[in-house]
Amino acid sequence: LKMSWFWFHLPLRLLMVACLCHSIKAPTTSSRQSFQTDLFNFYHSLILADGKETTIHLLKDIPKRYYFVLEERRALSPFTITVTPCDVPIEWSILEHKASASFLGKAARGDHDTHEVSKSQKAPSMVSTIFNYKGNSVETYMGMSSHSTLYMLEFLSTERDTHITVYLTTDTTSGHLYPELPMDPRIDVIGIGHTTVTLTWKHSPSVLQHRENIQYCLLVNEKHNYKSLCAAETAIRSSGMKLPPTLALSLSPYLLEPQQVMILSNSELSIINKVSSGEVRQICMGTKNTYTVPNLSPSTQYYFDVFVVNLLTNASAAYTGTFARTLEEPEPKVTELKDGKVIQVVLDGKKQKFYSLQYQARHKKIQFTFQLCRGQVRVHITKNGKTVASENILGLRYFSLKGKLLDTYLVQLRSTEESNSSVKVQVSPHFHKPLFPLLPESLKIKSFSKLRTCNSVTIAWLGTQEESKYCVYKKRIEEDQVWMELQSADRCSGPESRHKSEKVLCKYFYDINLQRAVTTETIKGLDAGTLYLFDVYLFGPSGIPVRYHSKVVKTRKKC
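Read on for a plain summary of the structure. (Residues numbered from 1 in each chain as written. Predicted model: local features only at pLDDT ≥ 70, side-chain atom pairs only at ≥ 80, totals over all residues. Heavy atoms only, no water.)

Describing the overall build of the chain
- A count of helical and extended segments in the chain gives 7 helices and 36 strands.
- Within the chain, the proportion of its 559 residues that are buried is 43%.
- For the chain, the accessible area works out to roughly 30500 Å², and carbon and sulfur atoms hold 52% of it. (Helix = DSSP H or I, 4+ residues; strand = E, 2+ residues; numbered from the N terminus. Buried < 20%, exposed > 50% of the residue type's maximum accessible area, 1.4 Å probe, protein only. Areas by Shrake-Rupley, 256 points an atom, 1.4 Å probe, with all protein chains shown as cover.)

Listed below in structure tokens is the structure:
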């Protein structure tokens, strides 16, 4: 098989060698070494494949050469060469070597010797540069080829080691490897918000012709625009992470690295790359040519690049990138607190923004009360601009503060986890009329395993020295609902949120001796081998309830 390949390509090799020999002077003692070096370089270079994208790695300051001869039946035939730099700017050029047709014919047949080569020095020949480019843009050269022409492509990177892709084709009648760009390849910004930017662009002709095989992918970053998807992937990879192939944008999410987050919604795939210079988002939206980029940071400049991707060949073409700056974040809204009034605040965990409350004191002594309803919340209190309290709150928390009349207090609340949190807040000068009931040492509910039966369970909870009302509720749940029920429980909600059928009983009790301030209750009429969620609500003088921590108990299967 190797010998067959050798003999098949021998005429082409000889043709190229003949052209090289024809372009150098007679091999005198001084030039013989240069002649041998040219032959060595040629035999260790690659012939550029027709109709295939080739990846070429370049070492800094070391030129790399590729050759091709396009043999067609016609005297002249068109060809195109597309070069895509994947990182730094490069220099590349196309040289053509023309010689007499009779000489090339002999070389192609292989019937030449050293004497013929020596005689050929007198034959007319010419080497000329027909194209030259320096930069990092995707460039395409279109030309005409003849039988008597040998082409050489030379590539050079002067900044650092890099890689490029080169595509040569002589088939200009069939479909293109690269998707086509419209006559106007610009991206238009049609809307800017605090956290969103809306973009639109003209459809690629390839989308209109081959809709099922073409899609648009958008790349968003805070650094700069990229002139090719190849360059974008290289930049992300050089930031310290491995990037999946281009098709991972739409077809291979299992190739994601730990530094990546994939979001799939409404037939759109988003991949967020966590890199040292910030997030780089890749969003593929099918054939839609209008898109609103969500979840951006306010007052931040973003760069947007749209690539039209051929899903069959993995080739892409880049629209002209654009940039936009999101609007500045509006001043946080400050809510006024009033004496004795309770407000409930819901905090967005994703945005991690502070919610501000303001209070102007009408008494020297005041008390802030916080009841955590869900999640985790950080509280920061300032008086006339100076911090007086700052901590994470758990359950029920009181802050008793002293100051002067008309002191201004600012309360800032923030969720400390990604999910939403909520908290109830009250400020009051009336220490003798607490809004919330007196709480026991622990709000845990205890169950007794030995007292469980197939249709009953016994639970216990602590009380206080103050006579209060306690109400017990039960709810039948499944095994796979336990975690969600415990995590989503709103500790500020009262029995009004429960179904009437879930109510078990209400009772009053207290004990001056805290060691004996405990009560038990046996709940009967349950089903065997079934999970139940039990809740106890404590009501104080004001009627505002405090919910104990929920308890899950399973009845015995057999008795």
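Having seen it, we continue.
So, the sheet that holds strand 30 (residues 457-462)
- An order of 29-30-33 is seen for the 3 strands of this open sheet, with the pairing classed as antiparallel. In this open sheet, the two edge strands, each paired with only one partner strand, are strand 29 (446-447) and strand 33 (518-523).
- As paired strands, strand 30 and strand 33 are joined by 6 bridges and run antiparallel to one another. The partner of A460 across the bridge, within strand 33, is T520. (Pairing = 2+ DSSP bridges.)

Examining the sheet that holds strand 25 (residues 386-393)
- Taken in spatial order, the 5 strands of this open sheet run 20-22-27-24-25, and their pairing is mixed. For this open sheet the edge positions go to strand 20 (334-336) and strand 25, each flanked by a neighbour on one side alone. Averaged over neighbouring strand pairs, the angle between their axes works out to 20° when direction is ignored.
- Note that strand 20 and strand 22 (residues 355-360) share 3 bridges and pair parallel. Along strand 22, the bridge assignment pairs T335 with L357. (Axes fitted to C-alpha atoms, helices over the stretch in contact; angles between N-to-C directions.)

As for the nonpolar core
- One finds F368, F370, I381 and L413 to be the most contacted residues of the largest nonpolar core, which totals 24 residues.
- Contributions of two or more residues to this core are made by strand 21 (343-347), strand 22, strand 23 (365-374), strand 24 (377-383), strand 25, strand 26 (396-402), strand 27 (408-415) and strand 28 (421-428).
- Examining the composition of this core, we find that 4 residues originate from one element, strand 23, more than from any other.
- Apart from the residues within four sequence positions on either side, F370 is in contact with V379, I381, I393, G395, L396, R397, F399, V411, L413, V423, K424 and V425.
- By size, the runner-up hydrophobic cluster in this structure holds 22 residues, among which are L396, L538, I544 and V553. (Core = buried A, V, L, I, M, F, W, Y, C linked by side-chain atoms within 4.5 Å. Contact = heavy atoms within 4.5 Å.)

What about a nonpolar patch on the surface?
- A surface patch of nonpolar side chains, amounting to about 210 Å² of accessible area, comprises V189, I192 and L327.
- Of note, I192 is situated in strand 10 (residues 187-192).
- Look at I192 and you get partly exposed, because its relative accessible area is 39%. (Patch = residues over 30% accessible without salt bridge, like charges linked within 9 Å, V, L, I, M, F, W, Y side chains within 5 Å. Salt bridge = Lys/Arg side-chain N within 4 Å of Asp/Glu carboxyl O.)

Comments concerning the packing of aromatic side chains
- Counted according to the given criterion, the structure contains 21 aromatic pairs.
- Seen in terms of ring centroids, F368 and Y409 are 5.8 Å apart; in terms of plane orientation they differ by 65°. Their pairing is edge-to-face. Here the residue F368 occupies a position in strand 23, and Y409 occupies one in strand 27, the gap between them amounting to 41 residues. Each member of the pair, F368 as well as Y409, is classed as buried.
- Taking 6.3 Å as the distance between ring centres and 45° as the angle between the ring planes, the aromatic pair formed by W461 and Y470 counts as tilted.
- One aromatic cluster is present, built from ring pairs that chain together Y66, F68, F79, W92, F131, Y141, Y151 and F155.
- It is R397 that lies over the ring of F399; its NZ or CZ is 4.3 Å from the centre. (Phe/Tyr/Trp six-rings, centres within 6.5 Å; stacked < 30°, edge-to-face > 60°. Lys NZ or Arg CZ within 6 Å of the ring centre and 35° of its normal.)

Considerations on the state of the cysteines
- One pass over the full model with this rule turns up 5 disulfides.
- The residue that forms a disulfide with C217 is C284, at a sulfur-sulfur distance of 2.1 Å. Around the S-S axis, the bridge from C217 to C284 shows a dihedral of about 100° and counts as right-handed. Of this pair, C217 sits in strand 12 (residues 214-221) while C284 sits in strand 15 (residues 278-284), and the two are 67 residues apart along the sequence. Comparing C217 with C284 shows no difference in burial state: the two are buried. (Disulfide = S-S within 2.5 Å.)

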